[in-house]
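The residues making up each chain are set out below.
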Amino acid sequence: MSNKIGIHALVWVGGWSEREARHAISSSAAAGYDLIELAAIQPELFDADLTARLLAEHGLSAGVSLGLDDTTDVSSDDPDIVAAGRKRLDLALDLVRDVGGDYLGGVIFGKLGRYTTPLTERGRAHSVETIARLADRAAESGITLGLEFCNRYETNVLNTTEQTLAFIAETGRDNVVAHLDTYHMNIEETSFREPVLAAAAAGKLGYVHVGESHRGQLGTGSVPWAEFFEALHEVDYRGTITFESFSSEVVHPTLSSALSIWRNLWTDGMDLATGARAFLKQNYETR
Ligand code: MN
């Protein structure tokens, strides 16, 4: 099995002070993960040099993800908001490069959060153009962009794999891939196998988030894991698989609310992380 297995930083910490960075990176390694996904909602708050040093010390890779907000929504009709979003994405891209990463993903094509109106044609054009432009900058550093489609309550731009593949084709860039997340798929897709096959057939299955239906521990909700893992094996997926889970126990100043994390689904990050790691080993890696 050659997949890198990752874990989202919010299992450990809501910020990225030196103490938090040290705790998150050392704990990820101790729990048996290969990669930590940094939540770079505000990329300027990250110390890239410190992060790179800690990653090297613990033999860990890093991915970076973020969701844009109302003031940086690149799918907005307002050119000033789009420009602010592009500036933030450029900073996030610099962070990926400076920590030695090769992946920037998440809701980088629009706002992460509830919309009360549909996407406009103008907003969609802004979003496509933003991703195409960012992909060209990313290519200079060997970085891939992942578009993480989300359920309808968290974006009005991309809700399914099919929409994401069409959007990627519109950007016309080779280093843009689809980022599939089981939590969102469980709400919007009609199956867990077909989207995996479709993304792989397009050569665009680039990154995977494994998240349970309630965002808690894997195997304790309603995601049909056997179907999903079978499909990943069927297409011989070799990319990163990152465990994502959120609880009111670990709160990020904006991300936790954007994701509607109102309940406590676990209290001990290490228990959660080692449990999820064992679940992946048993149900995906050694089957
Ligand atoms: Mn996700």
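Quick summary incoming for the structure in this document. (Residues numbered from 1 in each chain as written. Predicted model: local features only at pLDDT ≥ 70, side-chain atom pairs only at ≥ 80, totals over all residues. Heavy atoms only, no water.)

Of regular secondary structure, the protein chain possesses ten helices and eight strands. The C-alpha radius of gyration computed for the protein chain amounts to 17 Å, which stays within 12% of the reference 19 Å derived for 287 residues, consistent with globular compactness. For the protein chain, the spread of C-alpha atoms along the three principal axes comes to 45 × 40 × 35 Å. The buried share among the 287 residues of the protein chain stands at 57%. For the protein chain, the proportion of contacts with a sequence separation of at least 24, taken over those separated by at least 6, is 76%. A total accessible area of about 11,600 Å² is found for the protein chain, and carbon and sulfur atoms account for 47% of it. (Helix = DSSP H or I, 4+ residues; strand = E, 2+ residues; numbered from the N terminus. Rg over C-alpha atoms; globule rule 2.2 N^0.38 Å. Buried < 20%, exposed > 50% of the residue type's maximum accessible area, 1.4 Å probe, protein only. Contact = heavy atoms within 4.5 Å. Areas by Shrake-Rupley, 256 points an atom, 1.4 Å probe, with all protein chains shown as cover.)

Turning to its location among the elements, Glu244 is positioned in the loop between strand 8 (240-243) and helix 9 (255-258). A distance of 3.4 Å separates the side chain of Glu244 from the side chain of Arg215, its partner in a polar contact. Once residues lying within four places of it in the same chain are set aside, the contact partners of Glu244 are His8, Glu37, Glu148, Asp181, His209, Val210, Gly211 and Arg215. (Polar contact = N/O pair within 3.5 Å; in protein donor to acceptor, adjacent residues only side chain to side chain.)

A few words now on the sheet that holds strand 5 (residues 144-148). Strand order in the closed barrel formed by eight strands is 1-2-3-4-5-6-7-8, and the pairing between neighbours is parallel. Strand after strand, the sheet turns through a mean of 30° between neighbouring axes, direction not considered. Direction of pairing for strand 1 (residues 5-8) relative to strand 2 (residues 35-39): parallel, over a ladder of three bridges. When the sheet's bridge partners are listed, Gly6 is paired in strand 2 with Leu35. Most of the contacts of helix 5 (residues 161-171) go to strand 6 (residues 176-181), to which it runs at about 165°, and overall it touches strand 4 (103-111), strand 5 and strand 6. Strand contacts of helix 8 (residues 225-234): strand 7 (205-210) and strand 8, with the helix running at about 155° to strand 7, the strand carrying the most contacts. (Pairing = 2+ DSSP bridges. Axes fitted to C-alpha atoms, helices over the stretch in contact; angles between N-to-C directions.)

The next subject is the packing of helix 8 against helix 10 (residues 269-285). Put simply, helix 8 and helix 10 touch, their axes get as near as 10 Å, and they point 60° apart. Contact with helix 8, carried on its side by Trp225, Phe229, Leu232 and His233, involves Phe279, Leu280, Asn283 and Tyr284 of helix 10 and no other residues of that element. Looking at the contact of helix 8 with helix 10, its residues break down into six nonpolar, two polar and no charged. (Nonpolar A, V, L, I, M, F, W, Y, C, P; charged D, E, K, R; others polar.)

This part covers helix 5. Listed as buried for helix 5 are Thr161, Thr164, Leu165, Phe167, Ile168 and Thr171. Projected down its long axis, helix 5 carries its buried residues within an arc of 160°, all on one side. Along helix 5, the residues that are exposed and aim more than 90 degrees away from the buried face are Glu162 and Ala169. The inward-facing, buried residues of helix 5 abut strand 4, helix 4 (121-139), strand 5, strand 6 and helix 7 (194-201). Two residues or fewer past helix 5, Gly172 is found with a positive phi of approximately 65°. (Arc of directions from axis to C-beta.)

Shape is all these values report; function is a separate question.
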